[in-house]
Amino acid sequence: MNGPRGDASEARGDAPGPRGDAAEARGDAPEGPGARPPRSLRTKLALSFAAVAAGVTALVGFLSYDAAARLVRVDQQAVFDEVVHDLRQQVTQQTLRPGDFTSGDPDHDGPRDDLTRPAGTDVQVLGPGGAVVDAGSPRLPVDAAARRTADTPKAGTRAEDDEVVIDGDVYRMATVALGGGRGAVQVAQEFSDTEDLLRELQKRTVLFALAVVAAAGLFGWWLARRITSRLVRLAGTAEHVASTGRLDVAVPVEGGDEVGSLGRSFDRMLGRLARSVEDQRRLVQDAGHELRTPLTSLRTNISLLRRIDELPPAAREELVADLADESRELTDLVNELVDLAAGKEDEEPVVTVALADTAEDAATLARRRTGRTVVVRTEGDTAVRGRAAQLQRALSNLVENAAKFDPEGSTAIEIVVSRGAGSPAVRVEVLDRGPGLAADDAERVFDRFYRAPAARSLPGSGLGLSIVRDVAAAHGGVVFAAAREGGGAVFGFTVRGAEPGASDSP
């Protein structure tokens with residue numbers, strides 16, 4: 001990563017701030033022996049996987065079990081109802097007696113076998129009065145309803161007792177009359193075995209669901225570890241930066257997903273912070289160096305004021321003039337430093353600015369301040385979208401720079417604002433006939449506090465052209481400087497032109 005990060009912590013300092021209140025306001029978990037450690041993202045993901053798997057498995061298991069139980073119960077009920085229906089058809093279509101349903105049929109082709117063959121139904125035969133002629137296995141209970149049914153003259157009459165308990169097992173039972181008071185036939189179907197089967201199915205479903213939840217939790221933990229490993233390293237890097245203040249740390253940026261994008265954004269952020277800190281440090285150092293010269297001169301002149309009565313009148317005038325010049329230079333330097341520090345946070349609205357008019361205003365101001373002749377030439381559409389005050393300041397700085405380096409004023413200072421056909425930018429040039437510009441100086445003349453060798457004896461702070469560069473960059477343009485043909489220099493910048501129909505809005 002580019003940018004001198006090494007001096008970031010030294011330049012920034014580690015002054016304590018009100019972080020405790022901020023953390024409390026954010027709701028961060030308190031730190032201390034009794035505080036519960038915050039749950040990690042990895043744990044949250046694993047628990048989320050397990051919770052989702054538990055919910056889905058429980059829902060699917062319940063629906064599957066309910067559907068299976070319904071099908072089994074309905075099927076068993078249908079089989080029993082079919083057996084009872086067949087029995088009623090037998091006794092209504094034929095005149096049958098209790099002996100016809102006894103279990104002693106050697107050929108297994110009697111009416112009793114037709115009842116027991118489909119579903120293993122238990123059959124018990126009752127004689128007149130409800131007496132048991134052939135007991136079932138197990139023996140079925142005979143209640144008053146069954147005895148009345150045995151004495152019923154109408155064949156096929158049914159007395160049904162849905163559930164009876166025999167030796168701890170639950171049966172579904174029905175009693176069908178033979179008619180003519182000859183007796184009745186009882187049929188029973190045990191469904192406790194079916195319920196046992198369903199309970200076993202339910203238990204296995206629960207065990208399967210628990211196994212799925214456990215497997216989902218383990219898989220979620222493994223997957224969360226893979227997902228969060230880079231986040232953990234990135235968080236560790238951020239903690240290292242926060243604790244040490246160093247910005248020259250290696251940031252993990254591997255991967256093309258969102259985590260990799262986050263790492264690259266964090267790396268770029270650290271780079272910009274490092275450059276910002278370095279710019280601050282350099283600005284403070286350079287400002288201190290530049291301020292030291294006028295302050296030293298002022299201190300020297302102030303010490304001479306103690307002996308002003310001993311000085312000749314000419315020396316007094318020179319001393320006062322020198323104090324005025326030094327104080328004015330110091331004021332200009334402080335003002336430019338303030339402008340330079342606050343320029344990037346300027347809240348001036350963006351409007352459509354006619355640079356031709358701005359150039360005329362700058363020329364009028366320069367004529368009044370310097371008494372020089374300033375000529376403005378324009379070509380093409382010079383409207384741009386920008387901040388009017390900043391552009392005015394940039395143009396004024398260029399004109400003042402030209403006047404300073406051409407003190408004789410033998411020729412006019414020229415301001416040329418032009419925009420070629422189809423060009424996306426407006427070009428601003430300020431031309432003078434001063435001493436010119438060396439090629440080496442052209443590359444550095446817009447740096448902060450840089451003073452060309454020929455300009456070190458002239459007043460100025462070395463910040464004026466730096467402000468021009470910042471204004472141009474803020475408006476999507478660049479600065480340039482070169483020697484002028486025939487003597488002198490050309491300084492200028494470009495600004496991105498306004499689109500047709502652009503409206504003035506902040």
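Residues numbered from 1 in each chain as written. Predicted model: local features only at pLDDT ≥ 70, side-chain atom pairs only at ≥ 80, totals over all residues. Heavy atoms only, no water.

Some remarks on the packing of helix H10 (residues 388–405) against helix H12 (residues 464–474)
How two helices pack is summed up by the angle between their axes together with the distance between the axes.
Stage number 1. Contact pair H10 / H12: the axes reach a minimum separation of 9 Å and the direction vectors enclose 145 degrees. In the crossing of H10 with H12, the sense of the turn from one axis to the other is left-handed. Where H10 abuts H12, its residues Gln-390, Leu-391, Arg-393, Ala-394, Asn-397, Leu-398 and Asn-401 lie against Gly-464, Leu-465, Ile-467, Val-468, Val-471 and Ala-474. (Axes fitted to C-alpha atoms, helices over the stretch in contact; angles between N-to-C directions. Helix = DSSP H or I, 4+ residues; strand = E, 2+ residues; numbered from the N terminus. Left-handed = near helix turned anticlockwise from the far one by under 90°. Contact = heavy atoms within 4.5 Å.)

A look at the UniProt feature "transmembrane region" (unreviewed entry) in the protein chain
Stage number 1. Per the UniProt record, "transmembrane region" (unreviewed entry) is annotated on residues 45–65 and 206–224.
Stage number 2. Regarding residues 45–65, the helix share stands at 100% and the strand share at 0%, and the terminal C-alpha atoms are separated by 29 Å. (UniProt positions renumbered as here; feature names shortened; annotations may be inferred.)

Some words on the pattern of salt bridges
Stage number 1. A complete count under the given rule lists five salt bridges for this structure.
Stage number 2. We note a salt bridge from Asp-381 to Arg-419, for which the minimum N-O separation is 3.9 Å. Of this pair, Asp-381 sits in the loop between strand E7 (374–379) and strand E8 (383–386) while Arg-419 sits in the loop between strand E9 (413–418) and strand E10 (425–432), placing them 38 residues apart in sequence.
Stage number 3. Residue classification places Asp-381 among the partly exposed residues on the basis of a relative accessible area of 46%.
Stage number 4. The class for Arg-419 is buried, based on a relative accessible area of 17%.
Stage number 5. Of the charged contacts, one joins Arg-427 and Glu-429 as a salt bridge, the two residues approaching to 2.9 Å between their closest N and O atoms.
Stage number 6. Overall, the relative accessible area of 34% leaves Arg-427 in the partly exposed class. (Salt bridge = Lys/Arg side-chain N within 4 Å of Asp/Glu carboxyl O. Buried < 20%, exposed > 50% of the residue type's maximum accessible area, 1.4 Å probe, protein only.)

Considering the environment of Pro-349
Stage number 1. Along the polypeptide, Pro-349 turns up in the loop between helix H8 (313–342) and strand E6 (351–354).
Stage number 2. You can call Pro-349 partly exposed: its relative accessible area is 39%.
Stage number 3. Along the backbone, Pro-349 and Ala-389 are 40 residues apart, and their C-alpha atoms lie at a distance of 9.8 Å.

Some details on helix H9 (residues 355–370)
Stage number 1. In this model, H9 (16 residues) spans 22 Å end to end at C-alpha, consistent with the 22 Å of a helix rising 1.5 Å per residue.
Stage number 2. For H9, the full list of buried residues reads Leu-355, Ala-356, Thr-358, Ala-359, Ala-362, Ala-363, Leu-365 and Ala-366.
Stage number 3. The first or second residue beyond H9 is Gly-371, which carries a positive phi of 75 degrees. (Expected span 1.5 Å × (residues − 1).)

Re the packing of aromatic side chains
Stage number 1. Evaluation of the coordinates by the stated rule reveals one aromatic pair.
Stage number 2. Measuring from ring centre to ring centre gives 5.7 Å for Phe-219 and Trp-222, while their planes differ by 35 degrees; the resulting arrangement is tilted. Remark: Trp-222 and Phe-219 occur in helix H6 (residues 192–244); sequence separation between them is three residues, near one turn of the helix.
Stage number 3. Residue classification places Phe-219 among the partly exposed residues on the basis of a relative accessible area of 45%.
Stage number 4. Taking the relative accessible area as the measure of exposure, Trp-222 reaches 47% and is therefore partly exposed.
Stage number 5. Taking NZ or CZ as reference, Arg-172 lies 5.9 Å from the ring centre of Phe-80, over its face. (Phe/Tyr/Trp six-rings, centres within 6.5 Å; stacked < 30°, edge-to-face > 60°. Lys NZ or Arg CZ within 6 Å of the ring centre and 35° of its normal.)

With respect to unusual backbone geometry
Stage number 1. Ser-137 connects to Pro-138 through a cis peptide bond whose omega is 5 degrees.
Stage number 2. With respect to the helices and strands, Pro-138 occurs in the loop between strand E2 (132–134) and helix H5 (144–150).

Let's talk about empty space enclosed by the protein
Stage number 1. Counted under the stated rule, the structure contains one cavity of 30 Å³ or more.
Stage number 2. Of the volumes computed, that of the largest cavity is approximately 40 Å³.
Stage number 3. Around the largest cavity, the lining residues are Ala-362, Leu-365, Ala-366, Arg-369, Thr-370, Ser-396 and Glu-400.
Stage number 4. The set of elements that each furnish at least two residues to the lining of the largest cavity consists of H9 and H10.
Stage number 5. Considering each element in turn, the lining of the largest cavity owes the most residues, five residues, to H9.
Stage number 6. For the lining of the largest cavity, the residue count by class is three nonpolar, two polar and two charged. (1 Å grid on protein atoms, 1.4 Å probe; cavity = no way out; pocket = protein on both sides within 12 Å on 5 of 7 lines; lining within 4 Å. Points joined across faces, edges and corners; volume = space filled by probe spheres on them. Nonpolar A, V, L, I, M, F, W, Y, C, P; charged D, E, K, R; others polar.)

A closer look at the sheet that holds E10
Stage number 1. Ordered in space as E7-E9-E10-E12-E11, the five strands form an open sheet in which the pairing is mixed. Strands at the two margins of the open sheet, each flanked by one partner only, are E7 and strand E11 (479–483). Across the sheet, the axes of successive neighbouring strands diverge by a mean angle of 15 degrees, strand direction being ignored.
Stage number 2. Inspection of the sheet shows E11 paired to strand E12 (residues 489–496) by five bridges, in the antiparallel sense. Looking at the pairing, Ala-481 lines up with Phe-491 of E12.
Stage number 3. Against the sheet, H12 touches E11 and E12, its axis set at about 25 degrees to E12. (Pairing = 2+ DSSP bridges.)

Side note on the packing of H9 against H10
Stage number 1. Two elements in contact, H9 and H10, have axes whose closest approach is 9 Å; the angle formed by their N-to-C orientations is 45 degrees. Here H9 is positioned oblique relative to H10, judged by the angle of their axes. As H9 runs across H10, the sense of the crossing is right-handed. Judged by residue contacts, Leu-355, Thr-358, Ala-359, Asp-361, Ala-362, Leu-365, Ala-366, Arg-369 and Thr-370 of H9 engage Leu-391, Gln-392, Leu-395, Ser-396, Val-399, Glu-400 and Ala-403 from H10.
Stage number 2. Its residues assigned to classes, the contact of H9 with H10 shows nine nonpolar, four polar and three charged. (Parallel < 35°, antiparallel > 145°, perpendicular 65-115°, else oblique.)

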